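Architecture and fold: a report
Okay, here's what each chain looks like letter by letter:
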Amino acid sequence: MGRFATSLSKDVWVRFSLFPYNMLQYHISEIRYRLMYYTVSFLLSATILWQFKYSLLFILCPINLMFTELYEAFSCFLWLSVCSSFIINLPLLAYSIVHFIIPGLYKHESKELIYLSKLFISLFMSLLAVYMVYLLPFLVSFFTGFMSENLTCSIKLLDFSEFLLVIIYLSLFTLGLGLVSVLSTLENYRKMIYMLLIIVVALLTPPDVFSLLFVSIPSILFMEVLFFFSQLLRPD
């Protein structure tokens, strides 16, 4: 009986001493599997979107574009497929990150994190849809409306792709700034936050007041929506 107790205690001690190592191996395996799932989904979506690259481009910009470099069309279509795949798989990425962090949080913290992640994804998709569906066609029609019989506009495919990238950056920056403000309880400093947002918009958009206002107003409205829902979440 004494030998059995001694061997059992040694086995328990060995398992307890290897517990941090086993947990590290478990987390590394979980990260590996989640990255594998996301990579497969990302590559599959990008491959499918590549097959519909012309239709996707026409939806975003229903006017004729041109390219002057030999590799320009290929690189722009590849960039368009990759960015579209990233946006489509953004909920999967947020789900993987949140559910990897949740086991180390308290119950109320995990609920807040899930709520904020859902809110961020929903607002990001909505803000991006507003920019792509309303803002982008309006700006294209506005700036190409100055064409006449003797004056034509030839937009390069590369320039249009860079403009789409600016819209994606602006959407991420707007909601990222909103989330930082919510987590840091900076809602009372709205003037400074909106001033920073307007400065960034002015640096990214065309150099005219009309474009500045047309891009800033939706961003500010979406930040107000984020502040409103955060007040519902935060306890008194």
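The model shown is predicted, which means the values in this text are computed figures rather than measured ones.

Of regular secondary structure, the chain possesses nine helices and two strands. Secondary structure elements of the chain, listed N to C terminal, follow the sequence α-α-α-β-α-α-α-β-α-α-α. Counting across all 236 residues of the chain, residues that qualify as buried make up 33%. With the model as given, the accessible surface of the chain reaches about 15,600 Å², and the carbon-plus-sulfur share is 72%.

In this section: the nonpolar core. Side chains of a nonpolar character, in soluble globular proteins, are inclined to be buried together. Met132, Leu136 and Phe160 are the most contacted members of the largest nonpolar core, which has 45 residues in total. Mapped by element, the contributors of at least two residues to this core are helix H3 (53-60), helix H4 (72-88), helix H5 (90-101), helix H6 (107-143), helix H7 (157-183), helix H8 (190-204) and helix H9 (209-233). For this core, the leading source of residues is H6, giving 14 residues. Not counting the four nearest positions on each side in its chain, Phe160 is found in contact with Leu57, Leu60, Cys61, Leu65, Leu136, Val140 and Ile155.

Before going further, it helps to examine H5. Here H5 spans 17 Å end to end across 12 residues, near enough to the 16 Å set by a 1.5 Å rise per residue. The set of residues buried in H5 consists of Leu90, Ala94, Ser96 and Val98.

Rules of the game
Residues numbered from 1 in each chain as written. Predicted model: local features only at pLDDT ≥ 70, side-chain atom pairs only at ≥ 80, totals over all residues. Heavy atoms only, no water. Helix = DSSP H or I, 4+ residues; strand = E, 2+ residues; numbered from the N terminus. Buried < 20%, exposed > 50% of the residue type's maximum accessible area, 1.4 Å probe, protein only. Areas by Shrake-Rupley, 256 points an atom, 1.4 Å probe, with all protein chains shown as cover. Core = buried A, V, L, I, M, F, W, Y, C linked by side-chain atoms within 4.5 Å. Contact = heavy atoms within 4.5 Å. Expected span 1.5 Å × (residues − 1).

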